[in-house]
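# A look at the structure
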Amino acid sequence: MKTLSLLLLLLLINGLASAKGEVDIPQPADLGLVEEKRLLKAVETAQKAVRNSPDDAEVWGQLGHVYLSHRWEVPAIACYRRANTLAPDEFRWLYFLGRLTTRRDPVAAVKYLNRALTLNDAYAPAHLYLASALRVSGKFDKARQHLENAKGLQPDNPFSELWLGEIAFAQRQVELARTHLENALRLNPDQSEAHALMAQIATVLGDKETAKKHAQAARKPTRHNALSDPFWWDVLRAGVTAPLYAERGRRYMAKGNYVDAVAEFEVLISRTQKDIDVWLDYGVSLLHLERYNQARAALEHAQMLLGSDADVRKEKKPYEIAYLQAQTYNYIAQVYYETGQTDAAILTTQKAIQLFHNTVGKAQPVDKTRDSEYTAFFANVHANLAVVYEGIGQLDQAIAQYQKALELVPTKSALHRDIAGVYWKMRRYTEAEPHYKTAITNGATEVQAVYRLGLILLRKGDYEAAIAQFEKVIEIDEAHIRAYEAVGIAYEGLGDVSAAIGAFEQVLQLEPDSKNASEMLKKLRERK
Amino acid sequence: MSGNAFLTKLCPVILTIVAVLLWTGRTEADEPLFSEVTTALGFSQTVSTWPPGTHELPEVMGGGIALFDYDDDGDLDVLQIRFPPPGKVNSPAPNRLFQQQPSGMFIDVTEAAGIGHTGYGQGVAVGDVDNDGDLDVYVTNYGPDAFYRNNGDGTFTLEDIGVSNNSWGTSATFGDYDRDGDLDLYVTNYVQFALETICRGKHSAPDYCHPSVFEPATDQLFRNNNDGTFTDVTQQAGIAETSGRGLGVVCLDLTGDGWADFYVSNDGEANHLWVNQTDGTFTEEAILRGLAFNTYGQPEASMGIAVGDVNNDAQPDLYVTHLFGETNTLYIASNDSGFIDMTEVAGFAGIDLPFTGFGCGFLDFDNDADLDIALVNGRVRRDDILDGAEIGEFWNFYAEPNLLFQNNRQPSAISHQPSDKERNFNRSLFTDGFRRFPTVHFSDVSARAPDFTRRIEVSRGMALGDIDKDGDIDMVVSNHDNRLRFFRNDAPPSEHHYLFVRAITENRDAYGAEVTLQTESRTLTGYVLPGAGYLSSSDPVVHFGLGITSEIEAIEVRWQDGNRERFQGTPANRRITVSQGEGVSF
């Protein structure tokens, strides 16, 4: 009833205003369908501001933001147009006009964005949207120029290389297309769009195997890295519906800003909230803020909804429910671990693993597009369990869990490093060695891993290989005294007394009081 | 005389001059290209108000149209696939068959013909499955599909011939994929849907679900046993290997090996190209051949499919309609690399971006010897109301105008010439690829067909054929409320010629055959392909606009079994039939 009254009031005010001929405010056609009071209130407030200051571009822009954030694009365009009329030299209104018309009227979008860029040509997203509108209009060369500009301004933006590759391919410049697409895949190896075109290129070149490999990768949906677009935040901030709070919360999470993330999610948290993702994200944000009790309560609520709420269960497939339950168990386990409840942590993590083996793992043929996500997650769960076991000294159990994680993601360097660390603790150096080697080959650059591999090789008497590792350590950390010592010992082992003396002299330079180095130097010089 | 009085006196004179100028300035280009003739053909325009939607997805997806000569009397009849109004799922909405009379008017003969299936109608395929010379009908439903055998006496019999499909069937097509002389059947299935599933759209208000909410359904392939029955070969043919949310399908050789393939448009995910392995099995190669995604490498919400040789290079090109915010995609066949998305350089300029396309077709509406494009639109999600929408408070949010594009064969924006390095990089692509890759350019001529394009409605199916037998292609369109609209082609200039070729094999239309006309100035290629567009079936007779060419030197047919025959030439402006075995093999 309140909602209806608010809506009637809104319509009445607009009717009166129009009758007086005061301000003609664009209205969303389906405003009458809106039931959310918060949204009606936001619209009313923004419209009132326009009515009070009809010659203020900012208030028109703000009303545009309110409309746009709630997906009323047509009235939003009208508002930005008005703002642009009032403040023709303001970049933002032209940018939003261009951005909004890219998919509705590309010719107009080109006009708006070109003008916007004369006011601020350092805003990469404007170049990208302009490139998009130019592409649709078949103006490839100009689009290319703006993509290059965007790349220069934001080298890691997720679209420049991809679109440059696509344009080159559309123009049959296969070699150039391949170069751009390879760059795009370096920025984001999961860009299915790039894989799709690489598959076609490989087909053209007769390389069937590569084509098949890319075609397979192209079937998975892309998760694009977010484009940095600060002005878009203004729009997001104008949003007052649940999805917008959630989106803002997730964006804050992605930036590691858990305080603001929690603030956004808290607006949505109530007994009637049934969006599992909101509960999970809220719980995880609290976990990061070390508000463990609240985190556990949020996660347990999610678990309860997943387990027994008919509405929640009806909307999801069984393996999706199981996957969400597993995630929830995993985070609850983390709460237990952080609060020293290791037995509970183990039990809860095991529940998550059980869900994978019984449900989600078996669902992979059904939902192939997410298999890498599933396997990566469950490898992580096994690794988490390994950490708990390691923490309480059950090292055999820890190794067993790491091995299970490695069965799922055999090349993950961090897992190799960590399992090697446990072997190291157990003095099972022979078993640690291949894992350290794999970890380092796959990109692990932690000093400790490299140093330990050097020591293992030293123990085996493989002095030259050991020296190579220690030199890597010194490259990373010039002040690593133990590495110099180890180099000295290795050279001694090789019979190269001069080199060994040189190494220990380095130690003394870094640590003048080192008794060990002094004694070794004395011994070596006597031998010399 | 005051200035005002002078102007008052002068006004009629000015108006007369303007009127004369306007009248004398009128050209053929000012005449509407299409005129709506629904009422004139005997169809009632008074449709009771369609109830507001209930947001159950099937109510916004149908329904198809078949334009075919069911009684073999030489003119086209219409089968309309119908569905119940929103909220009345169980109330029967029988399909309707309209027979064209010698006067050109249509009468409803559903009852007499016995073809009024009462399922929740979606699509239709037409083909002579028993090679007895008359056209049988397969109807897809949300629910069990239905097969009607044509008895050859103006009636049909509902039969169980082994083509049962209980999924949500959408488009279906007949084609002889195994080259054994009879028509097989491919049925696309959409999603595993339950009627009670309601989703929410903007601002949490109920709206039609995005298809990704539901699991995709597996399409079905039925092999004709040559005895009037079919066997479900979906598994052994490999079609079950990959599911998709299928909405459109065509059966044609798209790989140039002479064997029919199936191309399926999927909603919101990669399209499928089932490439015939010539041993009864298929492999899915859409990504490898450039037909899975758009030029951006992105999946789109694919609906209808048009097939034709738009750039006159004797290869079939494809046009696929899509959702708001996505271009309708023009895939041009390339000798070496499958298909290339040429949408951006073909002049569409994003005109179709704001609309959701469904039914579509290539047609040479102006008989100028190149293929144009017509498409019908209508949303599946609520959005801002467009000016002119007057189909009810609920449906106005879904209504859009239709579009018409004319092929004007201007050079495209592609200007790149390969460098020496690129030539060396792949000689086969660039030495042949560019020379044999004629480009194509379209202009939006929607404004010149106001009857077809100015109504703001929710349209779905479209079928093409020369309904009034005057030598050009007319259109029939279905809307969300079971309303049909007929559009008579008034476009071709009088000096433009045409030819209709009916290709017959084994006593039936030779589905999948490629018909080539040799004229003094050019070669034109067409395909016997009634099953295209969205949920619909068009006249299988191949229409050629000839421009000013009045004489055909030779007609060549590559039959579905791979054999080629040449037939002697003919003057233009007529309908001819070519039968397999009666030409000269080459």
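Description of the structure in this document.

## Some words on the side chain of T241 of chain A
Relative to the elements of secondary structure, T241 of chain A occurs in the loop between helix 13 (230–237) and helix 14 (242–254). Using a relative accessible area of 6% as the deciding quantity, one classes T241 of chain A as buried.

## A closer look at the sheet that holds strand 17 (residues 261–266) of chain B
Residues and elements named next belong to chain B. Overall, antiparallel pairing links the four strands, which are arranged 16-17-18-19 in an open sheet. Two strands bound the open sheet, and with one partner strand each, they are strand 16 (246–252) and strand 19 (282–284). Taking each pair of neighbouring strands and ignoring which way they run, the sheet shows an average axis angle of 20 degrees. Where strand 16 and strand 17 come together, six bridges link them in antiparallel fashion.

## A few points about the nonpolar core
In globular proteins that are soluble, nonpolar side chains generally tend to be buried together. The biggest cluster of nonpolar side chains holds 191 residues, and the ones touching the most others in it are Y80 of chain A together with Y319, L330 and F442 of chain B. If we skip the residues at most four places from it in the chain, Y80 of chain A touches G61, G64, H65, L68, W93, F96, L97, L100 and V235 of chain A. Listed in part, the 52 residues of the second largest apolar core include Y70, V109, V187 and L546 of chain B.

## A closer look at the state of the cysteines
Two cysteines whose sulfur atoms are joined by a covalent bond form what is called a disulfide. All names here are of chain B. By the definition in use, this model includes one disulfide over all chains. Note on C360: no disulfide assigned, nearest cysteine sulfur contributed by C251 at a separation of 17 Å. Using a relative accessible area of 4% as the deciding quantity, one classes C360 as buried.

## Structural notes on the pairing of strand 38 (residues 551–558) of chain B
Regular strands have side chains that alternate between both faces of the sheet. Residues and elements named next belong to chain B. Among the eight residues of strand 38, six are classified as buried, and the element is accordingly described as predominantly covered. Where strand 33 (residues 514–518) lies against strand 38, five bridges are found, and the strand directions are antiparallel. The partner of V515 across the bridge, within strand 38, is V557. Examined bridge by bridge, strand 38 and strand 39 (residues 564–571) share seven bridges and lie antiparallel to one another. Its bridge partner lying in strand 39, E551 is registered against P571. Once strand 38 ends, the chain turns through five residues before running back antiparallel as strand 39, passing G562 with a positive phi of about 95 degrees.

## Some details on the side chain of T329 of chain B
Residues and elements named next belong to chain B. Tracing the chain through its elements places T329 in strand 22 (residues 329–334). With relative accessibility at 0%, the residue T329 sits in the buried group. Within polar-contact distance, the side chain of T329 engages the side chain of E300 at 2.8 Å. Discounting chain neighbours no more than four positions away, the residues touching T329 are N294, E300, L318, Y319, V320, H322, D341 and T343.

## A word on helix 9 (residues 160–170) of chain A
When you tally the buried positions in helix 9 of chain A, you get 11 out of 11 residues, the bulk of the element. Among the residues making up helix 9 of chain A, those that are buried are S160, E161, L162, W163, L164, G165, E166, I167, A168, F169 and A170 of chain A.

## Remarks on the packing of aromatic side chains
This model, assessed by the stated rule, comprises 51 aromatic pairs over all chains. Both rings, one in Y67 of chain A and one in W72 of chain A, keep their centres 6.0 Å apart while their planes meet at 90 degrees; by these two values the pair is edge-to-face. Their ring planes at 80 degrees and their centres at 4.8 Å tell us that F193 of chain B and F214 of chain B sit as a pair that is edge-to-face. Taken together, the residues F193 of chain B in the loop between strand 11 (184–189) and strand 12 (199–200) and F214 of chain B in the loop between strand 13 (206–207) and strand 14 (220–224) connect sequence positions 21 residues apart. Counting every residue linked through ring pairs, the aromatic cluster contains Y80, F91, W93, Y95, F96, Y123, Y129 and F231 of chain A. Its end group placed over the ring of F586 of chain B, R566 of chain B keeps NZ or CZ at 4.4 Å from the ring centre.

## Describing the sheet that holds strand 9 (residues 156–159) of chain B
All names here are of chain B. Reading across from one edge, 6-7-8-9 is the order of the four strands in this open sheet, with antiparallel pairing throughout. Strands at the two margins of the open sheet, each flanked by one partner only, are strand 6 (121–127) and strand 9. When strand polarity is set aside, the average angle formed by the axes of neighbouring strands in this sheet is 25 degrees.

The rules behind these values
- Residues numbered from 1 in each chain as written.
- Chains lettered and ligands numbered in written order.
- Predicted model: local features only at pLDDT ≥ 70, side-chain atom pairs only at ≥ 80, totals over all residues.
- Heavy atoms only, no water.
- Helix = DSSP H or I, 4+ residues; strand = E, 2+ residues; numbered from the N terminus.
- Buried < 20%, exposed > 50% of the residue type's maximum accessible area, 1.4 Å probe, protein only.
- Pairing = 2+ DSSP bridges.
- Axes fitted to C-alpha atoms, helices over the stretch in contact; angles between N-to-C directions.
- Core = buried A, V, L, I, M, F, W, Y, C linked by side-chain atoms within 4.5 Å.
- Contact = heavy atoms within 4.5 Å.
- Disulfide = S-S within 2.5 Å.
- Polar contact = N/O pair within 3.5 Å; in protein donor to acceptor, adjacent residues only side chain to side chain.
- Phe/Tyr/Trp six-rings, centres within 6.5 Å; stacked < 30°, edge-to-face > 60°.
- Lys NZ or Arg CZ within 6 Å of the ring centre and 35° of its normal.

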